[in-house]
Amino acid sequence: MAASGAVEPGPPGAAVAPSPAPAPPPAPDHLFRPISAEDEEQQPTEIESLCMNCYCNGMTRLLLTKIPFFREIIVSSFSCEHCGWNNTEIQSAGRIQDQGVRYTLSVRALEDMNREVVKTDSAATRIPELDFEIPAFSQKGALTTVEGLITRAISGLEQDQPARRANKDATAERIDEFIVKLKELKQVASPFTLIIDDPSGNSFVENPHAPQKDDALVITYYNRTRQQEEMLGLQEEAPAEKPEEEDLRNEVLQFNTNCPECNAPAQTNMKLVQIPHFKEVIIMATNCENCGHRTNEVKSGGAVEPLGTRITLHITDASDMTRDLLKSETCSVEIPELEFELGMAVLGGKFTTLEGLLKDIRELVTKNPFTLGDSSNPGQTEGLQEFSQKMDQIIEGNMKAHFIMDDPAGNSYLQNVYAPEDDPEMKVERYKRTFDQNEELGLNDMKTEGYEAGLAPQR
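- An unreviewed UniProt entry annotates the protein as Zinc finger protein ZPR1 of Pan troglodytes.
- In UniProt, the protein has this text filed under Sequence similarities (unreviewed entry): "Belongs to the ZPR1 family."

Below, the structure written as structure tokens:
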């Protein structure tokens, strides 16, 4: 079904229908049937209605239909034989969806102009190439095509042009120029993008290749904002009372402990932090006021993952040094270009940046007391100086290198600056742990199911 959309839709007239005879309610599948010219049983319902233009009686036709791979809609059309006024609009036959939807269509050929489009009242339409937008609730809902949407936009702009020209309005000429650009879009002289953003989730753009994927159409579902909820007239639900444990996520907890250096009483601060695109971690920091000793440690807030994680980052620029990084106690670090490997539990758990971890590694290696002093090997000292110089070059972005984090527990993380898209310089691999790795993590002897049966003979 194609609609030119040349006529601006308006509200249908007030309708009065005779009371139908009592009958059992038909099944929903019988009411909403796909549009088909061969289906003789599918006929629109005609209701005599008042014309809002001449106040004579006209005719409203209602058709309940179902769009394939979408949902049920109600198509209404009003026409007046006395003054010739008519309009069309659609309404969704379902409820407002749980999420909003955004359709991004790349129009590349004339065939794309014939795609069916369902645009509800709450949908906003944008064409980024022309910096053009039709706001939500500025037009009635319509069942039309991509070409019909553009035609409706042109008709809306041309509606007040005669008055603007009569008043010698300076904007009339600019609107004429813009209308020419819209008409050129209908010829698809060059590709353009059509975006339909509907917070109610009831708009639709046809996929002619369904059920296969359409490369020219991107469908994104999202959670509505509070402003969008208010715009749709949805009543905000009263927030459920959160348990006391939830309130702790927004607080810094403190508990008493002893300083590991001087054994004086001290306090340890603990905070739960949610890392984007990863998981929740626990950051703990101790500051001793007696001797000034400070420690910080990071623990994973979740369980051991089913698979291990190996993250490989190709350091190509100094900007990579600002990436956030979480290194758990079970994570080992490797830099092949320096022939360097840092084992598990060394440096403990850390939540820092890549630059911060590399500096900690440099300080750990170059300030090792067993490699300094008069008894140190001269060749070893030169090697440490060369290692320190290369590490500085990597930190400054003057040397390309690979940074590898291998965590059998799967609780380490390196920021993806392109998230949620893939990072071309970073590779994340999931692998199955070996028996030895499970042994190091203490998982081989851990039994969480059916352990009661194993303990029964010992009792």
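1. Details of unusual backbone geometry
Okay, so step 1: Geometrically, the link from Ala 419 to Pro 420 is a cis peptide bond, its omega value of 5° lying close to zero.
Okay, so step 2: Within the secondary structure layout, Pro 420 lies in the loop between strand 24 (413–414) and strand 25 (426–431).
Okay, so step 3: Phi is positive for Asn 263, close to 65°, though the residue is something other than glycine.
Okay, so step 4: Following the sequence through the fold, Asn 263 ends up in the loop between strand 14 (253–258) and strand 15 (265–274).
Okay, so step 5: Residue Asn 263 is classed as exposed on the basis of its relative accessible area of 54%.

2. Let's talk about helix 2 (residues 146–158)
Okay, so step 1: Between its first and last C-alpha, helix 2 extends 19 Å over 13 residues, near the 18 Å set by a 1.5 Å rise per residue.
Okay, so step 2: For helix 2, the full list of buried residues reads Val 146, Gly 148, Leu 149, Ile 150, Thr 151, Arg 152, Ala 153 and Ile 154.
Okay, so step 3: Check the buried side of helix 2 and you find it contacts strand 6 (100–107), strand 7 (116–119), strand 9 (132–134), strand 10 (142–145), helix 4 (171–186) and strand 11 (192–198).

3. Description of a nonpolar patch on the surface
Okay, so step 1: A cluster of nonpolar side chains, contributed by Leu 50, Met 52 and Tyr 55, occupies part of the molecular surface with about 310 Å² of accessible area.
Okay, so step 2: Locating Tyr 55 in the fold gives a position in the loop between strand 2 (45–50) and strand 3 (57–66).

4. Things to note about the sheet that holds strand 9
Okay, so step 1: Read from one edge of the open sheet, five strands run 9-8-11-6-13, paired in antiparallel fashion. Here the strands that pair on one side only, and so sit at the sheet edges, are strand 9 and strand 13 (217–222). Between one strand axis and the next, the sheet turns by 15° as a mean value, whatever way the strands run.

5. Quick word on the environment of Lys 181
Okay, so step 1: Structurally, Lys 181 is set in helix 4.
Okay, so step 2: Residue classification places Lys 181 among the partly exposed positions, given a relative accessible area of 43%.
Okay, so step 3: Taking the C-alpha atoms as reference points, Lys 181 and Ile 154, separated by 27 residues in sequence, lie 10.0 Å from one another.

6. Side note on the nonpolar core
The nonpolar side chains of a soluble globular protein tend to be buried, and buried together.
Okay, so step 1: Grouped together as the largest cluster of nonpolar side chains are 32 residues, with contacts concentrated most on Leu 105, Val 107, Met 113, Val 146, Ile 150, Leu 182 and Phe 192.
Okay, so step 2: Of all elements in the fold, only strand 4 (72–79), strand 6, strand 7, strand 9, helix 2, helix 4, strand 11 and strand 12 (204–205) reach the threshold of two or more residues within this core.
Okay, so step 3: For this core, the element with the highest residue contribution is helix 2, accounting for five residues.
Okay, so step 4: In terms of domain composition, this core takes at least three residues from each of domain 1 (29–93) and domain 2 (96–230).
Okay, so step 5: When sequence neighbours within four positions are dropped, the list of residues in contact with Ile 150 reads Met 113, Leu 182, Leu 185, Lys 186 and Phe 192.
Okay, so step 6: If you look at the next biggest cluster of nonpolar residues, it comprises 27 residues, including Leu 313, Ile 315, Cys 331 and Leu 414.

7. Details of the sheet that holds strand 22 (residues 350–353)
Okay, so step 1: In spatial order, the strands read 22-19-24; together these three strands make up an open sheet with antiparallel pairing. For this open sheet the edge positions go to strand 22 and strand 24, each flanked by a neighbour on one side alone.
Okay, so step 2: Here two bridges tie strand 19 (residues 324–327) to strand 24, and the two strands are oriented antiparallel to one another. What sits directly across from Leu 326, in strand 24, is Tyr 413.

8. Examining helix 7 (residues 354–366)
Okay, so step 1: Here helix 7 spans 18 Å end to end across 13 residues, near enough to the 18 Å set by a 1.5 Å rise per residue.
Okay, so step 2: Burial in helix 7 covers these residues: Leu 354, Gly 356, Leu 357, Leu 358, Ile 361 and Val 365.

9. Some remarks on the packing of helix 2 against helix 4
Packed helices, taken two at a time, are described by the angle between their axes plus the distance between the axes.
Okay, so step 1: It is the contact of helix 2 with helix 4, at a shortest axis distance of 10 Å, that shows an interaxial angle of 165°. Relative to helix 4, the element helix 2 is oriented roughly antiparallel. The interaxial crossing formed by helix 2 with helix 4 has left-handed handedness. Contacts from Glu 147, Ile 150, Thr 151, Ala 153, Ile 154, Leu 157 and Glu 158 of helix 2 reach helix 4 at Ile 175, Phe 178, Ile 179, Leu 182, Lys 183, Leu 185 and Lys 186.
Okay, so step 2: Of the residues belonging to the contact of helix 2 with helix 4, the class tally is nine nonpolar, one polar and four charged.

What counts, and where the lines are drawn
Residues numbered from 1 in each chain as written. Predicted model: local features only at pLDDT ≥ 70, side-chain atom pairs only at ≥ 80, totals over all residues. Heavy atoms only, no water. UniProt positions renumbered as here; feature names shortened; annotations may be inferred. Helix = DSSP H or I, 4+ residues; strand = E, 2+ residues; numbered from the N terminus. Buried < 20%, exposed > 50% of the residue type's maximum accessible area, 1.4 Å probe, protein only. Expected span 1.5 Å × (residues − 1). Contact = heavy atoms within 4.5 Å. Patch = residues over 30% accessible without salt bridge, like charges linked within 9 Å, V, L, I, M, F, W, Y side chains within 5 Å. Areas by Shrake-Rupley, 256 points an atom, 1.4 Å probe, with all protein chains shown as cover. Salt bridge = Lys/Arg side-chain N within 4 Å of Asp/Glu carboxyl O. Pairing = 2+ DSSP bridges. Axes fitted to C-alpha atoms, helices over the stretch in contact; angles between N-to-C directions. Core = buried A, V, L, I, M, F, W, Y, C linked by side-chain atoms within 4.5 Å. Domains from an automatic or database assignment. Parallel < 35°, antiparallel > 145°, perpendicular 65-115°, else oblique. Left-handed = near helix turned anticlockwise from the far one by under 90°. Nonpolar A, V, L, I, M, F, W, Y, C, P; charged D, E, K, R; others polar.

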